[in-house]
Every structure is written in structure tokens, then in C-alpha cells.
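Overview (structure and organization)
Here are the chains, one letter per residue:
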Amino acid sequence: MNANSSNSLLVVPTGALKISEHPLTDVHRDNPILLSLVIPTYKERNNIENIINILSRLLDEAVPGNYELIIVDDDSPDLTWELAQSLLPDYPQLRVMRRQEEWGLSSAVIRGWQVATGRILGVIDGDLQHPPELLIQLLQKIEQGADLALASRHVDGGGVSSWSVIRRFLSRGAQVLGLIILPGVLGRVTDPMSGYFMVRRSAIAGATMNPVGYKILLEVIGRGQVREIAEAGYIFRERTEGESKVTWKQYIEYIQHLIRLRVSTGRLGKISQKVNFPVGRFIRFGVVGFSGVFVDMAVLYLLSDPSTLALPLTRSKIISGEIAIFNNFLWNDAWTFADISMQQKGWKQRSKRFFKFNVICWAGLVLNVVVLNIVFNLLIPNRYIANLIAIAVATIWNFWVNLKLSWRVTDVK
């Protein structure tokens, strides 16, 4: 691929997942187009040309020249992005983004919206499981006053084509669970797991998104200023090309997303906003740190207790502390800072995060060892009580410094 071809790709935004109130380009700032439709893709080479052709024909007839299609591809190994890029001369409303440092459907949608120039922002799957012809109906509902219009499988005209009993049960079960955990959000729509919808830019402008998994609708409703919602029924189609991306991991991420939204939009979230302090993240950090206490104590016992290996206290503490640090990193990376770490996957990026976390915690470990010896030798001659005090002091240090410095390695350079 030559340089000119590479330059035709959109620049991937970096930083917070936040939508601006106005299009970022000067050309469209004063006169934005009507609709920006994002199509997130991964290994959709067999579908991409067909869906671009169908969407273009529909929108050329309904809103000629007043829309854009934005392909956001997560560096597909089948070169979906390259095929889409080759179609640019034939489809003037098409734009293509190739992401090489971030992954994930939800963040792909937001990155696409960040470069979008439309007053209305939309998303549709690239696998043809969402019927493209419903776009016009959704667009009409927005133009009639709705802030959000979504395609639903659970209203008149909706359904699934040939789902198994198990998949139907899981889908409905996820919805019921969501109503229990987050009724204020899921109670507003019949199909909270829909990935096919449109929303006014003004309804989500300025809100920092924090998605987990592959369903972004929860984030839009939970964090945006969405007043009126409209729905249109559709039949969910089975794939004709490619493979399904629905796994047990997606259901687990869905539950994590519900809990996170519950915390951030509930009382703790309000307190956090008032004092400008990440209360929810601090609680998760504390829970992880508590698990590290048990790891630290268990290893310290095995190494230093007179009835076991009876190694010197300082040496035992260093080893037990490092093992606890590793335990805490794994949990913090997967849970406490998951919203950040999920943006950059791979062993290289994870190793960078671990190195940074380890350096900070080693400083905390030095502090821990100093406090342990001072308390044990001068104040309380009980190795376990002294260790608990040392852990408490080091935990305060670790949280504060990690809050300011750690995981920043995941910012896209």
C-alpha cells in the first residue's frame, strides 16, 4: 500500500471517550450533515462491500449527500479495513478508520463518533444481522423529536430468526438481571442489548463514556441526557458470512457494565462527582488490596514462621510483598482499571503497565518494610500486627500514586 492510500485513513482519536458538542472539522462546524453512521468491524471482509453498497443506496435515496458511513476496523487479520479503503473512490460518503492500538466494539463506536460530523450519530453491525432498511424508520423517529431511536427485537414486528432455547433464555435472563441491578436505565427500553440505534449528538455531548464489553446502548442511556426514546421492531438475522462473536465473556462483561453503571450513576457516583474523587475506583482498589493482604500474609507465614522455613523477616517480607503485588496487578488490570486497560490489549502493553505498577508498589514495599521493622522492633513485637499496620500505610501510598500515574501507559501515543 502506498503512502497516499495510507493517508486516506482517518486519524484515530486518543484520550477520553467523549463526544464533542460540535463537529471537530471546520468545514462542518457551522453546517453539519444530518447522519453519521458508524459500522464497527472485525474480520468482516466477506460482508463489508455488500453492506456499504446497501447502506449507500438506502441513504442516497432518503438523504442524498447528507450522511456519512464510518468504518472503524480493529486491524482485522483478513484486512477488512483495506478492502473498505479500496471502495473510497466509489462511495464519496465513506470514511475508514483502522485502529491498531485499541480494541473493542464499544470503544470503536465512540472513536467513530468522535470523528463524525453529523447532528445524529448511529451504529449498525457490519455483519448484516441488522436489517439496513430500518435505518430510515429510525431516522424519522429522531427527526420527529426522539433523542434516541433503537431497533428492538421485543416490540411489535421484532423477534429473532432461529435462536436456540439456551440463547433465548440467556438474552431474556440478561435483561431481567439488568432490570434488577439498573432499573432506571434498562426500564426505559425493551431491548437494552440492542446494538442498532441512533442518538442526537446533543444528548451525549460532553459525557465521558466508560463502556465494558460490546453493548454501548447502556452507556448512552446511563450517561447521556436522553429524554425521549423511540423504538422500532426488527427481526434479528442469522449470519450468512463470518462467525458469531457472542461468547460467555460478553455476558460477563455485560454484568460488569451494569454494576459499574450502577455505582457511577448512584449515590457513590454523585459523591464522587461532588468531591472530584473516584470513590468507586478506590473501593475496587481497596477490595483488590484486601485480597493481597491474604496473599502477603500466607506467603510471609510460609517463609518466616519458625515452624516453616524460618527465613529472615525482611527477606520473607520482600518475597511475599512481590507476590502480593503481582496478585494485585492482575486484579487491578482486569477490574479496577479495566476501562483503561481494555483499550490497549496485548502482552507488550500489559507488561508496560505491570512494570509501572511494580515500580510504584516497590516504593510502597520499601515503605512497608521500614514501617514493619519500626513497629515490630520498637512498638508492637508481633510480626502479624506490625505487618497489618505496614500494609495499611503502604496501601494509602499505592492508591494515591497509582491514581496519579499508573495505567497512563495505555494512552494512545
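Note that the structure is predicted; figures quoted are calculated from it, not measured.

**Details of the confidence of the model for the chain**
Put simply, the chain has an average pLDDT of 82, and 76% of its residues get 70 or more. Long-range and interchain partners of residues 409-413, a stretch whose pLDDT sits below 50, account for 15 contacts in this model, where long-range means more than four residues apart.

**Some details on the sheet that holds strand 1 (residues 33-41)**
Spatially, 3-2-1-4-7-5-8 is the arrangement adopted by the 7 strands of the open sheet, whose pairing is mixed. On the outer flanks of this sheet lie strand 3 (94-98) and strand 8 (229-233), each paired with one strand and no other. Between one strand axis and the next, the sheet turns through 20° on average, direction left out of account. Strand direction decides the pairing type here: strand 1 and strand 4 (residues 118-123), joined by 5 bridges, are parallel. Bridging from a neighbouring strand, Leu 35 pairs with Ile 120 of strand 4. Its contacts with the sheet place helix 5 (residues 105-115) against strand 1, strand 2 (67-73), strand 3, strand 4 and strand 7 (197-200), and it is angled at close to 150° to strand 1.

**Here's the deal with the packing of aromatic side chains**
Applying the stated criterion across every chain, the model contains 6 aromatic pairs. Consider the rings of Trp 113 and Phe 197, whose centres lie 6.1 Å apart with planes at 75°: the pair is edge-to-face. Highlighted residues: Trp 113 in helix 5 and Phe 197 in strand 7, separated in sequence by 84 residues. You can call Trp 113 buried: its relative accessible area is 1%. Aromatic side chains Phe 326 and Phe 354 sit 5.7 Å apart centroid to centroid with 90° between the ring planes, which places their arrangement in the edge-to-face category. Within this pair, whereas Phe 326 is found in helix 14 (residues 313-336), its partner Phe 354 is found in helix 16 (residues 347-379), the two being separated by 28 residues in sequence. Assessed through its relative accessible area of 43%, Phe 326 is described here as partly exposed. Each member of the aromatic cluster is reached from another via a ring pair, and the members are Phe 326, Phe 329, Phe 354 and Phe 357.

**Here we look at the nonpolar core**
The biggest cluster of nonpolar side chains holds 37 residues, and the ones touching the most others in it are Ile 52, Leu 55, Ile 71, Leu 94, Val 96, Leu 138 and Met 198. For this core, the secondary structure elements donating two or more residues are strand 1, helix 3 (45-62), strand 2, helix 4 (80-86), strand 3, helix 6 (134-143) and strand 5 (148-152). Membership of the second largest hydrophobic core comes to 29 residues, among which are Ile 19, Ala 116, Ala 203 and Ala 207.

**Regarding helix 6**
Looking only at helix 6, the buried set comprises Leu 134, Leu 135, Leu 138, Leu 139 and Ile 142. The buried residues of helix 6 occupy an angular sector of 140° when projected down its axis, which confines them to one face. Remark: Gly 145 follows helix 6 within two positions and exhibits a positive phi of approximately 125°.

Here is what the cut-offs are and how they apply
- Numbering of residues starts from 1 in every chain and runs along the sequence as written.
- At least 70 in pLDDT is required for a residue's local features to be given in this predicted model, at least 80 for side-chain atom pairs to be given and counted, and no such filter applies to totals for whole chains, interfaces and linings, which use all residues.
- In computing side-chain values, all of the structure's heavy atoms are included and hydrogens and water are not.
- Per-residue confidence from the predictor is given as pLDDT, running between 0 and 100.
- Between two residues, a contact is recorded if the distance between any of their heavy atoms is within 4.5 Å.
- A pair of strands is labelled paired if DSSP reports no fewer than 2 bridges between them.
- What counts as a helix is a DSSP run of H or I of at least four residues, what counts as a strand is a run of E of at least two, and both are numbered from the N terminus.
- To obtain an axis, a line is fitted to C-alpha atoms, over the contacting stretch when the element is a helix, and the angle between two such axes runs from 0 to 180 degrees between their N-to-C directions.
- Only rings of Phe, Tyr and Trp enter the pairing, Trp through its six-membered ring, and a pair is recorded when the two centres are within 6.5 Å. The plane angle decides the type: under 30 degrees is stacked, over 60 is edge-to-face, the rest tilted.
- A simple rule labels every residue: compare its accessible area, found with a 1.4 Å probe on the protein chains alone, to the largest value its type can have, and call it buried under 20%, exposed over 50%, or partly exposed in between.
- Throughout this description, the term nonpolar core refers to a set of buried Ala, Val, Leu, Ile, Met, Phe, Trp, Tyr and Cys residues connected via side-chain atoms within 4.5 Å.
- The directions from the helix axis to the C-beta atoms are what the arc is built from.

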